[in-house]
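# Inside the fold
Residues per chain are reported as follows:
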Amino acid sequence: MALLTLVENAVRHGIDPAEAGGHIEVGAALNDARTQLHVWVQDTGVGLAAQAQPGTGWANLRERLAALHGAQGATGICRSGAARPAR
């Protein structure tokens, strides 16, 4: 369900507003120590406005991760051109 929330947000806020549409990438990778799983959803849509604040979907995702994984369940947002979060 966590990925569904992220993909829905990518479609609604990134791809839908873009006149040319776009692409969504969903991926996952283990860190070198194989102790953490890094999951990402990236889109080629319009991008986040500088003043954009995380909304309800993002808050719900953080709460679910905290309930399941405690402090180990972290989230992050990277703007266009930025590297993926390193946690």
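As the structure is a prediction and not an experimental result, all values here were calculated from the model. Every chain is numbered independently, its residues counted from 1 as its sequence is written. A pLDDT threshold of at least 70 governs which residues receive local features in this predicted model, and a stricter bar of 80 or more applies before side-chain atom pairs are shown or counted, although totals over entire chains, interfaces and linings include all residues. Values shown for side chains rest on all heavy atoms present in the structure; no hydrogens or waters enter the calculation.

### Things to note about the side chain of Thr5
What counts as a helix is a DSSP run of H or I of at least four residues, what counts as a strand is a run of E of at least two, and both are numbered from the N terminus. Within the secondary structure, Thr5 sits in helix 1 (residues 2–15). Any two residues having at least one pair of non-hydrogen atoms within 4.5 Å are treated as being in contact. In this view, Thr5 contacts Gly57 and Arg64; residues no more than four positions away in its chain are not counted.

### Comments concerning a nonpolar patch on the surface
A patch is a set of surface residues, each over 30% in relative accessible area and not in a salt bridge, joined within 9 Å for like charges and within 5 Å for the nonpolar side chains Val, Leu, Ile, Met, Phe, Trp and Tyr. Here the Shrake-Rupley method, with its probe set to 1.4 Å, supplies the accessible areas, and only the displayed protein chains count as covering residues. The working definition used for a salt bridge is a side-chain nitrogen of Lys or Arg within 4 Å of a carboxyl oxygen of Asp or Glu. There is a patch of nonpolar side chains on the surface, built from Leu3, Val11, Ile24, Val26, Leu30, Leu37 and Val39 and spanning about 540 Å² of accessible area. Where the nonpolar patch is concerned, the elements lending two or more residues are helix 1, strand 1 (24–30) and strand 2 (37–43). The topology assignment puts Val11 in helix 1. Among the residues examined, Val11 registers a relative accessible area of 30% and is labelled partly exposed. Burial classes follow relative accessibility: with a 1.4 Å probe on protein chains only, a residue under 20% of its type's maximum area counts as buried, one over 50% as exposed, and anything between as partly exposed.

### A short note on the confidence of the model for the protein chain
pLDDT runs from 0 to 100 and stands for how confident the predictor is about each residue. Summing up the model confidence of the protein chain, the mean pLDDT is 83 and the portion of residues at 70 or higher is 90%. Ranking the elements of the protein chain by mean pLDDT puts helix 2 (residues 56–69) last with 86 and strand 1 first with 92. Below pLDDT 50 for its whole length, residues 83–87 participates in twelve contacts with residues either more than four positions away or in separate chains.

### Things to note about the pairing of strand 1
Between any two strands, pairing holds if DSSP finds at least two bridges. Pairing analysis gives seven bridges linking strand 1 to strand 2, with the strands arranged antiparallel. Among the inter-strand pairings, Ile24 is bridged to a residue of strand 2, identified as Asp43. Linking two consecutive strands that pair antiparallel, namely strand 1 and strand 2, is a turn of six residues; a positive phi of about 60 degrees is found at Arg34 within it.

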